[in-house]
Amino acid sequence: MGSNPADESSPEPQVSVIIVNHNRAELLLECLQSVVAQTYRNLEILIVDNGSSDHSDQAAKSFADARIHWIPLEKNLGFAGGCNVGIRRARGEFVALLNNDAVAGEDWIEQLMVPMLDDPDTGMCASKILFHGEDVIDKVGHLIYLDGQNRGRGTGERDSGQYDRREETLFPDGCAALYRRELMEQVGGFDEEFFAYGDDADLGIRIRLLGSICQYVPEAIVYHRHSSTLGSYSLQKIFWVERNRFWLAMKSFPFVLLVLNPFFTTARWAWNVAAFLAGAGPAGNYRRKASSGGLVGAVFRAYLAGLAGAPRMLRKRSSVRSMRRLSDIEFIKLLWRFRISAKRLAYRDR
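Everything numeric in this text was worked out from a predicted model, so none of it was measured.

Reading the values: rules and limits
- Residues numbered from 1 in each chain as written.
- Predicted model: local features only at pLDDT ≥ 70, side-chain atom pairs only at ≥ 80, totals over all residues.
- Heavy atoms only, no water.
- Core = buried A, V, L, I, M, F, W, Y, C linked by side-chain atoms within 4.5 Å.
- Buried < 20%, exposed > 50% of the residue type's maximum accessible area, 1.4 Å probe, protein only.
- Contact = heavy atoms within 4.5 Å.
- Pairing = 2+ DSSP bridges.
- Helix = DSSP H or I, 4+ residues; strand = E, 2+ residues; numbered from the N terminus.
- pLDDT = per-residue confidence, 0-100.
- Phe/Tyr/Trp six-rings, centres within 6.5 Å; stacked < 30°, edge-to-face > 60°.
- Lys NZ or Arg CZ within 6 Å of the ring centre and 35° of its normal.

Chemist: Give a detailed account of the nonpolar core, specifying residues and quantitative values.
Modeler: Counting residues in each nonpolar core, the largest one holds 59 residues, and the members touching the most others are Phe190, Ile205 and Leu335. Among residues more than four places away in sequence, those in contact with Phe190 are Phe79, Ala80, Cys83, Asn84, Ile87, Leu97, Met184, Asp199, Asp200, Leu203 and Arg206. In terms of nonpolar packing, the next biggest core, distinct from the first, is built from 34 residues, Tyr40, Ala104, Cys175 and Val217 among them.

Listed below in structure tokens is the structure:
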């Protein structure tokens, strides 16, 4: 971290790239190489390290680039907390998030900035995220089920150009996304109680409630080593995903959807049980790679934790509701437009 500062006289708005890291020095090195090589030059690169015990600091400091800033934390604050530290330190008008297990194409930020500069109503931009080393889609924006569970659009499909049109999507995946910083600050940033998983959905939904839109940019390509930290079939991941989707709904969904939430969730789990027994979809993969008892236990603990946190989420709900610019009808129409079915959630895996 030395020479090559960003050009302060550049006509390009500054973009703050936030990379949250924890004990993945070899992946961080490859990730940083892709960021410093970006064609968009007016960057500051903030590496927020969640208490790593490996040599991640040496990987970051091996770059002679004054745009890189190493921000060490004493303990692991999770993805949400780490991002918030970076957002508070960011100076750029725009904030890009990039996972430390992702590698960005050289014009990734340049492409994401096009709709941001062209349309002031665009508050978020989603990337085309492919599995690392494959032509298989990880995510191209997100879809949502009506109980708050979300899934990447196109997940598991072979990339054959079917998502090569620039278009609106519900919200971006936090693995590789661009935001207007003022909107992130307006909604209070990430909810640190989520810790990890679903935190980007919660943030995206709160920004959508302000009336801002999200554009999917197919030319902005990122290659992702999916779930490299915990693994795709981690019971801890299941716990966070299920608890956090419940909290997301409690904070942001209209009352009518909260009343119907148990029914939607029951339908979703009915499809998951069918997939589990058939050995299909994510549930079928969990059956092969983890214990069924562990899976049931993780879900049970998630609901207990979700209910325990319900009073706090309801207090946050009043703040979210007071800031929203979309009516309940407009918001329900938005969710319906970008919905995913319970059956597809249960049966679609990579």
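This is not the end of the story, as more comes after the structure.
Chemist: Explain the pairing of strand S3 (residues 68–73) residue by residue, including any values.
Modeler: Residues in a regular strand project their side chains so that they alternate between the two faces of the sheet. Of the pairings in the sheet, the one linking strand S2 (residues 43–50) to S3 comprises six bridges and is parallel in character. What sits directly across from Asp49, in S3, is Pro72.

Chemist: So, the confidence of the model for the chain: which residues are in play, and what are the values?
Modeler: In the predicted model, the chain carries a mean pLDDT of 92, and 93% of its residues have values of at least 70. Note on residues 3–7: pLDDT is under 50 here. Beyond four places in sequence and across chains, it has 15 contacts.

Chemist: Go over the packing of aromatic side chains, please, and point to the residues and values.
Modeler: Following the criterion strictly, the structure yields seven aromatic pairs and no others. Note on Trp271 and Tyr347: the rings are 6.2 Å apart at their centroids and 75 degrees apart in plane angle, and the pair reads as edge-to-face. One end of the pair, Trp271, is in helix H8 (residues 255–278); the other, Tyr347, is in helix H13 (residues 342–347), and 76 residues separate them in sequence. With relative accessibility at 35%, the residue Trp271 sits in the partly exposed group. Here the aromatic cluster, defined as three or more aromatic residues joined through ring pairs, consists of Phe195, Tyr197 and Trp240. One residue, Arg153, lies across the ring of Tyr216, its end atom 5.1 Å from the ring centre.

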